[in-house]
Amino acid sequence: MSAELIDHVQQYLGKNFPIKLISQGAEALVFETSKHPFDPTLDKEYIIKYRPFKKYRHEQIDRVITKKRTVGECRCLVKLSNMEGINVPQFIASDPHNGFIWQSKIGQTLKDGTFSNLRNFLWLNNNDKNAYTEEVKQVLLNVGKQIGILHTNQYVHGDLTSSNIVLQQEDCNGKWVPFLIDFGLSGYSTLVEDKGVDLYVLERAILSTHSLYAEKYNEWLLEGYKQAYQDQEDLTQVLKRFEEVRLRGRKRSMLG
Ligand SMILES: Nc1ncnc2c1ncn2[C@@H]1O[C@H](COP(=O)(O)OP(=O)(O)OP(=O)(O)O)[C@@H](O)[C@H]1O
């Protein structure tokens, strides 16, 4: 199945267009490439995200859904890149009708050879000596702040896992800068419920992969999140709903 899809992408791009598959998720295939889609003077590292047509869906409905999700993700990328303080990949190009998005590549390889998303970064520091360093604390505070800025601008992510937060190290000072990626489920929302769910999803993700240090990590994430809010009443409402979402989650897991 995946060979067939890769072949389809290769045919679409042209047989000499260099691509390397780096991820195959539920929604999309993600490729790395060293070529810009239409300007060879801009050749560097890019990501091509391709949403294949789903054979289990009616063809026409599938076309509408694929196009809608692709356009939605592009729109989010563009909106967010114009928002002060938010770090997201740069939108390069899109062919929504065929389910393609090009964007700049974020991140790098960590010391242990893994990709620099938040999950792997925390894994790399998953020992008593490194878990609570100033470096880890600053990363989590800044991640929290990114989410806070997103929410105060009335946007929600919709799939806030620790793999959808990518860290990039600044050349000048070695500081890790967090970027948010994967806006397939994101959008404009003023609802405290959506914001509370975003916070809960990330809290659960940290708890499930880094349980030993999760309490402190989530405390730092929340500390950074709070720093992004100027309106304390808005913040109180979101945190109140976050607590309610948590309670619902706990009840659900108790009942099985
Ligand atoms: N701009 C980017 N820069 C670097 N890596 C990226 C970028 N976009 C996506 N990736 C890589 O590809 C993976 C999958 O991308 P993305 O989450 O957007 O697709 P998805 O199909 O929604 O994935 P999933 O179903 O696993 O959530 C990411 O976890 C990341 O490793």
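Calculation criteria
Residues numbered from 1 in each chain as written. Predicted model: local features only at pLDDT ≥ 70, side-chain atom pairs only at ≥ 80, totals over all residues. Domains from an automatic or database assignment. Nonpolar A, V, L, I, M, F, W, Y, C, P; charged D, E, K, R; others polar. Pairing = 2+ DSSP bridges. Helix = DSSP H or I, 4+ residues; strand = E, 2+ residues; numbered from the N terminus. Axes fitted to C-alpha atoms, helices over the stretch in contact; angles between N-to-C directions. Parallel < 35°, antiparallel > 145°, perpendicular 65-115°, else oblique. Left-handed = near helix turned anticlockwise from the far one by under 90°. Contact = placed C-beta atoms within 7 Å.

Caption draft 1: Examining the domain arrangement of the chain more closely. Annotation of the chain at the domain level lists domain 1 (2-104) and domain 2 (118-255). For domain 1 versus domain 2, the distance between C-alpha centres works out to 26 Å. In terms of residue class, the side of domain 1 that touches domain 2 is built from seven nonpolar, three polar and three charged.

Caption draft 2: Inspection of the pairing of strand β2 (residues 29-33) at higher detail. The pairing of strand β1 (residues 20-24) with β2 spans four bridges and is antiparallel. For Lys 20, the partnering residue across the bridge sits in β2 and is Glu 32. Counted between consecutive antiparallel strands, the loop separating β1 from β2 contains four residues. Across five bridges, the pairing between β2 and strand β3 (residues 46-50) is antiparallel. Bridged to Phe 31 within β3 is Ile 48.

Caption draft 3: Expanded view of the packing of helix α4 (residues 134-152) against helix α6 (residues 214-227). Contact geometry for α4 and α6: axes closest at 6 Å, N-to-C directions at 45 degrees. The pairing of α4 with α6 is recorded here as oblique in orientation. Judged by the twist between their axes, the crossing of α4 over α6 is right-handed. Across from Lys 137, Leu 140, Leu 141, Asn 142, Val 143, Gly 144, Lys 145, Ile 147 and Gly 148 in α4, the residues of α6 making contact are Tyr 217, Trp 220, Leu 221, Leu 222, Glu 223, Gly 224, Tyr 225, Lys 226 and Gln 227.

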